[in-house]
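Tertiary structure, described
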Amino acid sequence: MGDDSEWMKLPIEQKCEHKLWKARLNGYEEALKLFQRIDDEKSPEWSKYLGLIKKIVTDSNAVAQLKGLEAVLAYVENAHVAGRTTGEVVSGVVCKVFNQPKARAKELGLEICMMYIEIEKAEAVQEELLKGLDNKNPKIIVMCIETIRKALSEFGSKIVTLKPIVKVLPKLFESREKAVRDEARLLAVEMYRWIRDALRPPLQNINSVQFKELEEEWVKLPPSAPKQTRFLRSQQDLKTKFEQAASSDGVDGDEDEEAPPQVDAYELLEAVEILSKLPKDFYEKIEAKKWQERKEALEALEVLVKNPKIEAGDYGDVVRALKKVIGKDTNVMLVAAAAKCVVGLATGLRKKFGTYACLVVPTILEKFKEKKPNVVQALQEAIDAVFLTTTLQNISEDVLAVMDNKNPSIKQQSSLFLSRSFRHCSPSTLPKSLLKPFCAALLKQINDSAPEVRDAAFEALATALKVVGEKAVNPFLADVDKLKLDRIKECAEKIELAGGKKVAGAEKKDVKSATKTAPVAEAPPAKPAAPPKKAPVVKAGGPPKKGKVAGGAGAKGKKAAVETKDVVETELSDEACEEKASAVLPASCMQLLGSSNWKERLASMEEFQKAVEQMEKNEMPCQALVRMLAKKPGWKETNFQVMQMKLHIVGLIAVKGNFSKTSALVVLECLVDKIGDVKCGIKSKEALTAIGEACSLPWTAENVVSMAFAQKNPKNQAETLSWLANAMKEFGFSGINVKAFINNVKTALGATNPAVRTSAIALLGVMYLYMGTPLRMFFEDEKPALLTQIDAEFEKMQGQTPPAPFRGSIKKGGQDESEEAEEPDDEGGNDVMDLLPRSDIGEKITSDMVSKMSDKNWKIRKEGLDEVATVINEAKFIQPNIGELPIALKARLGDSNKILLQQTLTILQQIATAMGPNIKQHVKNLGILIITVLGDSKSNVRAAALATLNAWVEQTGMKEWLEGEELSEELKKENPFLRQEVLGWLAEKLPTLRTVPPDLMLCVPHLYSCLEDRNGDVRKKAQEALPTFMMHLGYEKMFKATSKLKTASKDQVVSLLEKARTNMPAKPAAPVKAAASKPAGSVKAAPASAKPQLSPACDESEECVPDSSKPDPKKAKPAGAAAKGKGVIGKKAPIKSNAKEEEDKSGPIFTHVPNGKEQRIKEEKGLKVLKWNFTTPRDEYIEQLKTQMSSCSAKWLQDELFHLDFQHHIKALTAMIEHLEDEKDATISCLDLILKWFTLRFFDTNTSVLMKALEYLKMLFTMLSRENYHLNEHEASSFIPYLVLKVGESKDVVRKDVRVLLSMMCKVYPASKVFTFLMDGTKSKNSKQRAECLEELGCLIESYGMHVCQPTAAKALKEIAVHIGDRDNSVRNAALNTVVVAYNACGDQVFKLIGNLSEKEMSMLEERIKRSAKKPAAAPVKQVEEKPQRSQGGNPNVSLMRRPPLEEVPSKLNQSRSQNVHPEQSSPSIPREFQLDLDMIENDHTRVSEMPDLVQHKLDELLEPVLIPEPKIRAVSPHFDDMHNSIASTINFVISQVASGDINTSIQALAQIDEVLRQEDKAEAMSGHIDQFLIATFMQLRLIYSTHMADERLDKDDIVKLYSCIIGNMISLFQMEMLAREASMGVLKDLMHGLITLMLDSRVEDLEDGQQLIRSVNLLVVKVLEKSDQTNILSALLVLLQDSLLATASSPKFSELVMKCLWRMVRLLPESVNNINLDRILLDIHNFMKIFPKDKLKQLKSDIPLRTLKTLLHTLCRLTGPKILDHMTMIENKNESELETHLRRVVKHSMDQTSSKSDRETEKGANGMDEMASKSKVSDILAEIFKKIGSKENTKEGLTELYEYKQKYSDADIDPFLKNTSQFFQSYVERGLRMIELEREGKGRVQSSSSGISPQSADTFVPSSTATAPSIPTNGEEVKPAVYLERLKILRQRHGLENNSKQQEERSHLTSLLSKPSAPTVASSTDMLHSKLSQLKESREHYHQESNQSHTQSSSTTSSVTNLDDLKKRLERIKSNRK
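Every chain is numbered independently, its residues counted from 1 as its sequence is written. With pLDDT at 70 or above as the cut-off, local features in this predicted model cover only qualifying residues; side-chain atom pairs require 80 or more to be listed or tallied, and sums for whole chains, interfaces and linings still use all residues. Working from all heavy atoms in the structure, the side-chain values ignore hydrogens and water.

Bringing the overall build of the chain into the picture now. Secondary structure elements are defined from DSSP: runs of H or I of at least 4 residues count as helices, runs of E of at least 2 residues count as strands, and each element is numbered from the N terminus. Within the chain, the regular secondary structure consists of 108 helices and zero strands. Burial status follows relative accessibility: with a 1.4 Å probe on protein chains alone, a residue under 20% of its type maximum counts as buried, one over 50% as exposed, and anything between as partly exposed. Out of the 2019 residues belonging to the chain, those deemed buried represent 52%. Sequence separation of at least 24 residues holds for 76% of the intrachain contacts in the chain that already meet a minimum separation of 6. Accessible areas in this description were obtained via Shrake-Rupley with a 1.4 Å probe; residue shielding takes into account the shown protein chains only. Per element, the accessible surface of the chain, about 92,300 Å² overall, is 52% carbon and sulfur. In this description, contact between two residues means that some pair of their heavy atoms is separated by no more than 4.5 Å.

Structure follows, in structure tokens:
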């Protein structure tokens, strides 16, 4: 007992977890009591046991477990939090309770599951139970089935989802355990109770015996529908209702009401994919000549389409093939077979087949000409099946087209098809607009000569009558005689609709109720609203669709009754009229009506009026009274007073009585006759308005206008039109039959009377308000002058909203508005659009045009599109029949050529406008694809797609787009561009809709996934769309949809739902009739008018900003206008503020709080507040910052800073910029908070805010630097890491500013600490950030030396060097540049510091160091000079940073100056005065900027410093396009997997890339990733070679498969020249190495498919050689050959294969020589010959390398001739190899052989001279002489030889040698020759030529022997005055002091010399820069060589001094001119 007493003292929850079972048992008992005792379901006690419930269920002790289960049941029943435990507890029940032997335990387990279902956790329970069905223990399976069965039995099929159960049911019937099979049978029986025959198809494949048993059980079941017996907690109201129903007598009625919805078997089935199962030769066979083959193809297809549910796919080709068979096959048996296939496809695909419906319907209808019954039957089945997949609206045009066919069979079958189709319709799906054309066509057929056609037409009309009711059809049957009308009604009674007898009964009930309500409405006039109250009762009896008809009939009130009466009112005789009138009028009145005395007639009229005023409505005989008014003298009354009275009485009768159209016709003509009368016109118009109100304006207007224009009185015509214009405004445009009087308006426009024309134009203006721009189309043919007047009137109306109607049906009662608002909208809108003359362009869309559009050549495709656009433009308005155009355009919407894609979108936009509302039928097959284009990566394409989409929606409305699964399928695609565009579009459109299809719910799961999308824009758009979805679907539905989400996701989504709930916009109010009647075209008028109304409202108060929350019927705006309106509101609202606020804003914005900053730092260190460290800012950080800033910033500023709208942030920043200088101390005191706020802005996507923020930060750091303030650690760590993030920004302008900030940071924070933050930045995933950080690190090392590296130089450099192997080119370059900077600072020691690098990386680094051309010794002195814009101290560029305009202008002169600092310091012999003056001139930018026309930017290039360090050149990586970030990241990820060590991962990645490469439209996405992909590929090849092939455990088949994938991908890649050419030289070299190694691998030959593999590699190598960039591949092969010959371990076979490749390249040279960068190839050959001189090559075992080289050079020489010698510009020292000698020898040899004239002039005139081939010796001599002149040592000797040569050969022409050189050089040569001449003749003294010597000699004449030093500063040479002379000349030219023509020539010549490219194409930007630098280097060397030679030639120092003095004077002159 001692032990017991210990645990007895423990609390209940601890007992429940005790190790002793007795303790646990006791704990469970006490817990059970406690759970039963707690009343409050939300008590905190429940939460204590949350973690224990699962443990209790799974208790190992059976006794304890049993009691525990009771406790758990009580817990689940009573605890509010129990739902959280569902998954784990039910899982425990399934695994640990259902296998117990005790029945009680199982019962409790089952009851626990049921209780969880009751507390709304059915899905989770069902999921666990279905998992239990996979358990190996049959006991568990049986119990799981039993639990599911019981749940279904009690809760019903609405709660228990049957689809997942149906999937597993067949598997349960196959179980070996009898108990499982028996339980499965019981479950199947229970399921059959709920879903009946829908269960049959899924169970068709089970054992036939079992199925038979099931059927026997099913037969025994009662026919009545089952009822739910147990209810969820949320269904308690339903439970009460059931209980009440059970106790009352109305059980049967309720049964009908609450019967569960019929489950569609289709929904329970699994879709089968059939396209891949089609025979490979299907398309060939179906077009074969032999009918047997065609039959085989159809039979194969028929078998596949028998699957009851088919998976969606592209069935376009299959349908087109079937269409061809149905339409053109002569074998009727095959036609029937094809029709059966169509049935199968349509049935299996259902709504997804709707896309293809328009393709087959016309063909099937046309084929009804066949007489054979079996064919007709098959076609009927086919068209009926197709109809169920689409809507009648979509195929209406096709059906109407064949209704006029001459063939009676076609007419008959079309009518029968309509009859069958109508049965599936409802009044809403068969509106008047659709019914009208069908009735018109059918009415023609009831008079047809063929009896079968007549019968079919009667049946169709009768069906329509049955579906929509007599009221809707009667207007179209007005002209049908009584016999035929009776026959239609008789047929209607026999017809049963799709719903069966029950529906027919409901229809009868509706008809009865309609007929009953009409007389009731007529009898009591005072209660027009009474009848509608009956409508809901009618609805309850039958389906909702019938309720609308009944309600419509009854709800019309007075107007409905009047109209019903009008139909039956007959014309009365004069006697009858007189009799009726005398009964209601005084006798004296009747007697005096015809009196000859006008006063008596007037008195009679007054009595008449009094009598009418006193009459009751139903007592008034309207027709009799108006006829009495017509009694002689009647309407020819001469006294105007009597006439006015008559007209007034007519109006009174119309208003007060039941005025019929019969009565109206009596008086209308006289009213029109008097309308133009000066005295009676007003009364006449009032009477007409009253008649319009009584008989409807459309009817009145039609009659009045036709009567007015039947007369010839222009005054009447003008006034009639004027009245009509006014009446339209009063009544609205609803139902107006424009067609009825449009011709009369045209007549009026052509009238000679100006008043008639003016009235007509005014009327058109009013009509324009309602009809919009389509109205103008009717008057296109009018005279230009008249059109101008019409346009002017339309212009006046532009932007106006039609006034709200206040007469007519609007006034009669509001109840019918909501029900009937949509009908006039459709009818009115369609009427207007139907009036437009439309042409059929189907025949113009020729097959040739369609084939052009699908051509492989994009130019031909463009031609096809152009032709289509022309056809549409010419037609203006088109019919829906556009032939094969939809299919062709569909293909073009996926065109890889973006220009053609945009053109296609433009055409679709044109089609929408031209076709109007009929475009609806193309929404599913064409429209949805427009949405797909919204996923394009190009923003301009997306914008075009959105414009097209809106153009379509404007015509179709949103219903068609939201119906079906198509939209949800688009949202499902994980394309960020597509998602954000679609969600943005929906967010804009949904608030304008009153109702949406239920299919919108399908989009909700994808909307939720968008809320968690990686892309910020997608998340933002999803959040914006959330309230708009909720306004239609409701919070409850959307909340319920979150149950399928993961817990973490659900919490986030639910919080967003709660937030959206508060912002949910109200649904737009029911449209006013006038507005409703407005067609689509007139919508444009609304936004413009909405804008002026909004503006004043916003001026009044700021509260109008959240305008979206108000219900506004005018919200139906197009996108542009909506956005515009929003902008106006957003802009205007904040402007308005009162005086007090203005005063508040005038104070300081920041307040200095003593010790505030220190206190904040202390709190953060003590963890009292959140440490400012996050990846993305969370709400708590923002709230914390807001709280901290409240004490030190102005209230208004804080509101602006933390506003959600970015425009407020810009305002705040503007204020901060203005106050910065005035509030320095306060700003510094809260600097930590300011910097933290800016880190938040770094996470914004708005560029304008970002740019403003950076502008402020630059000013802030400049101020801090000026104040000598230094950031503390707290401030730096809160700001710098986030600033470093922005250095990787995609926008250049942002990156530039961030780098400026980083450079400024070093003035307020130690550079070594900035270095640490930048090192952290290099670890980012963003390659741009890594590259920029590495560049910054290089700049810091350059500026501050190696001691800046933290923690040590070795660690820092090791981390930097890691990035040399980065995948990204720009990162590699940046890393190399930084290491080169370090090398320049510390020399070879850098190799020790960076540690071990791979061979490839080390070679890259050595090459870069070599190219940098800098000596380590010079580096320390030049630390500040290399990067002038980043220099420290007093650099003038620091001040420029605060002056954006000047900052933008790069100063190349400044760079030049900084480059020349070192030479001047190292050469004290150079007079300093030149530098001082020139520097002052160069640095004074303000002066230069005052003379903009004199600034020659090209000339600045002359002074570009030679020593631009090579490492700073960064090639722009082509795949860093902002628009492709997401695609690029995906591709990068896939490519990274290619090099995976796991074979399957690699194969999957290769398969994905192969899919991209094989699709032409997607392949371009690989652009920019080619090198990366190739690197990954040859890394995989090396991995296979070194690892996989040696691994015995691996299956060799897998290796072969991997090889096949790699080779297949490569072949696909290298078939596309555009992509293949992107491969760089280094990558191609490695690739070729890998491929050749693979070919030589003996292990591959041993594989099963080894030989085939090697053949594939061979083919691939050929592709690589042919398709790659020819320069790159040639270079690669040369380098590869060089490496293979150097490597001792290399196989001779390897070198041989490389040489074979080179030979093949030699064969390709004739075609590719013009595309090759010869300079680069010659450089590679030079490098090769440098390592392998001819002697060394001869020593090799084989002579093939030497022969290969010779052949290559010989071929190049043969193809290019002597010009080849010009392409050696990239070779720095030509003497290092025998290349030049060899080339000259080959050129000379070829010249000798040909012995014919040749033009040897080259691009630079290097060795060119127009000479005959026979004089080649002469040209060689001259070339040698000029070489001497160009050399430093032999210039004098060269000039002497040239002089002697000219003396000897006086006719020798040396111009070709001089013409391409600079003017300076030419003048130098001429002066030299003249001086020699003077010396020899002794006629004068030698003059110094130093002032005329050219410091710039042409590259062409540089002898190779002198090209030793790479640059001026590093070779130790002195800088001569000639350098400054050159700079002086340029400055003089810049300031206009030497602008003569000669200098202009020199300038242009120099510029062209420098800018001329060295080869037709340069392989990459790096190569191009490298070649240009080498040119600049050589030219700069000759600067100095010629300067030196000028000094050598000067005879005395005095002349030099003279020249120096001269220079000084000239400089002084420049200065004085500038002043």
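Mapped onto the elements of the fold, Arg84 is located in the loop between α6 (62-78) and α7 (86-97). On the basis of relative accessible area, Arg84 is assigned to the exposed category, the value being 66%. Once the C-alpha coordinates of Arg84 and Thr1047 are considered, the two residues, 963 residues apart in sequence, prove to be 9.9 Å apart.

Within this document, salt bridges are pairs made up of a side-chain nitrogen of Lys or Arg and a carboxyl oxygen of Asp or Glu, the two lying within 4 Å of each other. Scanning the model with the defined rule gives 76 salt bridges in all. Between Asp936 and Lys898 there is a salt bridge, with the nearest N and O atoms lying 2.5 Å from each other. Of the two residues, Asp936 is situated in the loop between α51 (923-933) and α52 (939-956) and Lys898 in helix α50 (residues 898-915); the sequence distance between them amounts to 38 residues. You'll find Asp936 and Lys898 in the same group, each marked buried. Three or more residues are tied together by salt bridges with common partners; here these are Glu111, Glu118, Lys150, Glu154, Arg230 and Arg233.

What follows is about the packing of aromatic side chains. Aromatic rings from Phe, Tyr and Trp, with only the six-membered ring used for Trp, were paired whenever their centres fell within 6.5 Å, and each pair was classed as stacked if the ring planes differed by under 30 degrees, edge-to-face if by over 60, and tilted otherwise. Enumeration over the complete set of coordinates arrives at 27 aromatic pairs. Judged by centre distance (5.7 Å) and plane angle (90 degrees), the rings of Trp1172 and Tyr1181 are edge-to-face. Considered together, Trp1172 and Tyr1181 belong to a single accessibility category, that of buried residues. Centre to centre, the rings of Phe1174 and Phe1243 are 5.8 Å apart; their planes meet at 55 degrees, and the pair counts as tilted. In this pair, Phe1174 is assigned in the loop between α64 (1156-1165) and α65 (1179-1190) and Phe1243 in the loop between α69 (1231-1241) and α70 (1247-1266), connecting sequence segments 69 residues apart.

The next thing to look at is a negative patch on the surface. A contiguous patch of negative charge, built from Asp1595, Asp1597, Glu1648 and Asp1649, is present on the exposed surface. Mapped onto the secondary structure, Asp1597 falls in helix α90 (residues 1596-1615). Residue Asp1597 is classed as partly exposed on the basis of its relative accessible area, which comes to 46%. By definition, no residue in a patch forms a salt bridge, and every one has over 30% relative accessible area; like charges are joined within 9 Å, nonpolar side chains (Val, Leu, Ile, Met, Phe, Trp, Tyr) within 5 Å. Note that His is not counted, nor are the chain ends; the positive residues are Lys and Arg, and the negative ones are Asp and Glu. We put the charge of a Lys on NZ, of an Arg on CZ, of an Asp on CG and of a Glu on CD.

To continue, consider the environment of Glu284. Summarising the element assignment, Glu284 is placed in helix α17 (residues 282-285). Exposure remark for Glu284: the relative accessible area of 62% places this residue in the exposed category. C-alpha of Glu284 to C-alpha of Arg294: the two residues are ten residues apart in sequence and 8.8 Å apart in space.

It is worth spelling out the packing of helix α55 (residues 976-989) against helix α57 (residues 1016-1033) at this point. Structural elements are reduced to axes, namely lines fitted to C-alpha atoms, with helices fitted over the stretch in contact, and the angle between N-to-C directions of any two is expressed from 0 to 180 degrees. Contact geometry of α55 with α57 gives a least axis separation of 8 Å together with a crossing angle of 30 degrees. Classified by the angle their axes make, α55 and α57 are roughly parallel. Between α55 and α57 lies a crossing whose hand is left-handed. For the pair α55 and α57, the contacting residues are Pro976, Arg979, Gln980, Leu983, Gly984, Leu986 and Ala987 in the first and Asp1017, Val1018, Lys1021, Ala1022, Glu1024, Ala1025, Thr1028 and Phe1029 in the second. Residue polarity follows a fixed list, in which Ala, Val, Leu, Ile, Met, Phe, Trp, Tyr, Cys and Pro are nonpolar, Asp, Glu, Lys and Arg are charged, and the others, Gly among them, are polar. In terms of residue class, the contact of α55 with α57 is made up of eight nonpolar, three polar and four charged. Here the angle decides the label: under 35 degrees means roughly parallel, over 145 means roughly antiparallel, 65 to 115 means roughly perpendicular, and every other value means oblique. Handedness of a crossing follows from how the near helix is turned relative to the far one, being left-handed for an anticlockwise turn of less than a right angle and right-handed for a clockwise one.

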